[in-house]
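Secondary and tertiary structure notes
For reference, the chains in residue letters:
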Amino acid sequence: MDSLDRQLVHALGVDGRAPFSRIATVLGCSDRTIAHRYRQLHDAGLRVVGVVDAAHTGHVDWMVRIHCAPDAASTVATALSRRDDTSWVGILSGGTEITCITRIRTGDDYLLLERLARTPRINGLTAHCMIRGLAGVGGWPGRLSTLTSEQIAAIQPAVTTAGPVGELTAADWALAGALGIDGRTTYPRLAAVTGWSESTVRRRLAELLAAGVLYFDIDIDPTLFGYACQVIIWLTVQPAALNAIAQTLASHVEVAFAAATTGATNIVAFVVVHDLDELYDYLADRIGGLPGVLQVDTSPMGRQVKYAGRIV
């Protein structure tokens with residue numbers, strides 16, 4: 001990826017549905033160039049996806065760790081990735097562990113965990129309720145660091161006053177589902193999916209975005225930026241130190257996402273670094289010296305099977 005590719009990714013992180021004409025004007029190139037670069041990045045795995053915020057819809061996210069036989073990891077991870085209620089499915093620890101984030105409605109029993117526990121070749125699993133996002137909620141800093149503040153302001157969409165959006169309807173979920181596959185789906189296509197007019201789609205989408213019910217994320221492999229090492233770290237932190245640790249992690253450019261969870265390990269963090277040497281330095285210098293950290297469990301990411309978006 002060159003500087004223009006990185007600027008384009010950052011621009012899409014600012015506004016996932018920004019017209020190519022607006023991005024081209026800000027970046028000082030032609031619409032055709034931006035469209036061409038987007039197609040190239042899309043072919044390499046870039047996707048803009050719409051994500052529904054769990055807190056706004058009466059849902060809760062759980063981080064699930066699945067220990068399985070190495071020859072079963074790929075099959076189980078692929079099956080999990082096909083579910084609409086899972087995201088961030090990854091194979092870790094040399095193929096002996098799978099992690100995923102799974103979403104359920106608050107108060108509902110979740111039978112997926114029961115089914116997984118009975119699946120042959122799965123040796124055990126743990127589930128950690130994600131209590132609060134601590135860092136990286138707006139996206140991994142490594143992909144959002146090339147535009148100036150003036151360029152960001154020029155790309156940002158117009159501010160819409162957020163009013164009550166009410167209970168999401170079947171059409172709202174159809175809209176979210178289509179955007180979960182491709183956040184840049186055209187308005188005519190969204191109108192066909194929802195049964196609304198294009199003007200209604202535009203208005204409703206603006207309402208959901210302004211209220212924070214829906215937001216756009218970017219699926220992209222960090223190796224395209226030169227970051228070849230991804231790990232999940234599980235921290236056991238003294239409760240009195242949680243706020244201080246959260247503030248510290250939020251300042252770390254290596255942290256793509258972090259959340260407080262239930263369980264024996266009470267913070268999970270997704271860390272992205274260039275290589276293993278940089279990981280060693282990060283653990284030794286940035287994590288090891290934090291007061292209140294009692295234990296660190298590190299799981300290297302072997303393969304990311306699913307990111308934030310739905311499977312096409």
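An unreviewed UniProt entry lists the protein under the name Lrp/AsnC family transcriptional regulator, with Kutzneria chonburiensis given as the organism.

1. Some thoughts on the UniProt feature "domain: Transcription regulator AsnC/Lrp ligand binding" (unreviewed entry) in the protein
Residues given the UniProt feature "domain: Transcription regulator AsnC/Lrp ligand binding" (unreviewed entry) here are residues 233-299. Between the end C-alpha atoms of residues 233-299 there is a gap of 6 Å, over a span that is 31% helix and 39% strand.

2. Side note on the environment of Asp 53
Tracing the backbone through its elements, the reader meets Asp 53 in the loop between strand E1 (47-52) and strand E2 (59-68). Look at Asp 53 and you get partly exposed, because its relative accessible area is 23%. The spacing of Asp 53 and Ala 35 is 18 residues in sequence and 29 Å in space, taken between C-alpha atoms. Those residues within four positions of Asp 53 in sequence are excluded, and the remaining contacts are Arg 103, Gly 212, Val 213 and Tyr 215. Reaching out from Asp 53, the side chain makes a polar contact with the side chain of His 56 at a distance of 2.7 Å.

3. Re helix H10 (residues 242-250)
All of the buried residues in H10 are Ile 245, Ala 246 and Leu 249. For H10, the angular spread of buried residues about the axis comes to 100°, placing them on one side. For H10, exposure combined with an orientation more than 90 degrees from the buried face picks out Asn 243 and Gln 247. Looking at the buried residues of H10, the elements they touch are strand E5 (122-135), strand E7 (229-237), strand E8 (255-261), strand E9 (267-273), helix H11 (276-287) and strand E10 (293-304).

4. Some thoughts on the UniProt feature "domain: HTH asnC-type" (unreviewed entry) in the protein
With numbering matched to this structure, UniProt assigns "domain: HTH asnC-type" (unreviewed entry) to residues 1-42 and 170-208. The distance separating the terminal C-alpha atoms of residues 170-208 is 14 Å; by composition the span is 79% helix and 0% strand.

5. What to know about the environment of Pro 222
Note that Pro 222 resides in the loop between strand E6 (214-219) and E7. Contacts of Pro 222, omitting those with residues within four sequence positions, involve Trp 140, Tyr 227, Gln 230, Val 272 and Tyr 307.

6. Notes on the sheet that holds strand E3 (residues 86-92)
If you trace the eight strands once around the closed barrel, you get E2-E4-E3-E10-E7-E9-E8-E5, paired in antiparallel fashion. Each strand of the sheet is rotated relative to its neighbour by a mean of 40°, with strand direction disregarded. Bridging between E5 and E8 involves four bridges; their strand directions are antiparallel. The residue bridging Arg 132 from the neighbouring strand is Ala 260, located in E8. Taken strand by strand, helix H4 (residues 73-81) contacts E2, E3, strand E4 (97-105), E5 and E10, and its axis lies near 170° from that of E3.

7. A word on the packing of aromatic side chains
Going through the model one piece at a time under the given rule, you end up with four aromatic pairs. Seen in terms of ring centroids, Trp 88 and Tyr 307 are 5.5 Å apart; in terms of plane orientation they differ by 80°. Their pairing is edge-to-face. Of this pair, Trp 88 sits in strand E3 while Tyr 307 sits in the segment after E10; the two residues are 219 residues apart in sequence, bridging distant segments of the chain. The class for Trp 88 is partly exposed, based on a relative accessible area of 24%.

8. Side note on a negative patch on the surface
Together, Asp 275, Asp 277, Asp 281 and Asp 285 line one region of the surface with negative charge. Here Asp 281 lies in helix H11.

9. A closer look at empty space enclosed by the protein
In the structure shown here, the tally under the stated rule is one cavity of 30 Å³ or more. One number sums up the size of the largest cavity: a volume of about 40 Å³. Taken together, Val 52, Leu 168, Asp 172, Ala 176, Leu 208, Val 213 and Leu 214 form the lining of the largest cavity. Here the residues of the lining of the largest cavity are counted per class, giving six nonpolar, no polar and one charged.

10. Describing the layout of surface pockets
Considered as a void within the structure, the second largest pocket measures approximately 610 Å³ in volume. Every residue lining the second largest pocket is counted, 23 residues in all, and those nearest its centre are Asp 15, Pro 157, Ala 158, Leu 209 and Phe 216. Of all the elements in the fold, those that place two or more residues in the lining of the second largest pocket are helix H1 (3-14), helix H9 (198-210) and E6. Top element by residues in the lining of the second largest pocket is H9. It accounts for five residues.

11. Comments concerning the packing of helix H2 (residues 20-27) against helix H3 (residues 31-43)
Two numbers describe how H2 lies on H3: the axes approach to 8 Å, and their chain directions differ by 110°. When the axes of H2 and H3 are compared, the pair comes out roughly perpendicular. Of the residues in H3, those touching H2 at Phe 20, Ser 21, Ile 23, Ala 24 and Leu 27 are Asp 31, Ile 34, Ala 35 and Tyr 38.

Reading the values: the criteria
- Residues numbered from 1 in each chain as written.
- Predicted model: local features only at pLDDT ≥ 70, side-chain atom pairs only at ≥ 80, totals over all residues.
- Heavy atoms only, no water.
- UniProt positions renumbered as here; feature names shortened; annotations may be inferred.
- Helix = DSSP H or I, 4+ residues; strand = E, 2+ residues; numbered from the N terminus.
- Buried < 20%, exposed > 50% of the residue type's maximum accessible area, 1.4 Å probe, protein only.
- Contact = heavy atoms within 4.5 Å.
- Polar contact = N/O pair within 3.5 Å; in protein donor to acceptor, adjacent residues only side chain to side chain.
- Arc of directions from axis to C-beta.
- Pairing = 2+ DSSP bridges.
- Axes fitted to C-alpha atoms, helices over the stretch in contact; angles between N-to-C directions.
- Phe/Tyr/Trp six-rings, centres within 6.5 Å; stacked < 30°, edge-to-face > 60°.
- Patch = residues over 30% accessible without salt bridge, like charges linked within 9 Å, V, L, I, M, F, W, Y side chains within 5 Å.
- Areas by Shrake-Rupley, 256 points an atom, 1.4 Å probe, with all protein chains shown as cover.
- Salt bridge = Lys/Arg side-chain N within 4 Å of Asp/Glu carboxyl O.
- Lys, Arg positive; Asp, Glu negative; His and termini not counted.
- Charge placed at Lys NZ, Arg CZ, Asp CG, Glu CD.
- 1 Å grid on protein atoms, 1.4 Å probe; cavity = no way out; pocket = protein on both sides within 12 Å on 5 of 7 lines; lining within 4 Å.
- Points joined across faces, edges and corners; volume = space filled by probe spheres on them.
- Nonpolar A, V, L, I, M, F, W, Y, C, P; charged D, E, K, R; others polar.
- Parallel < 35°, antiparallel > 145°, perpendicular 65-115°, else oblique.

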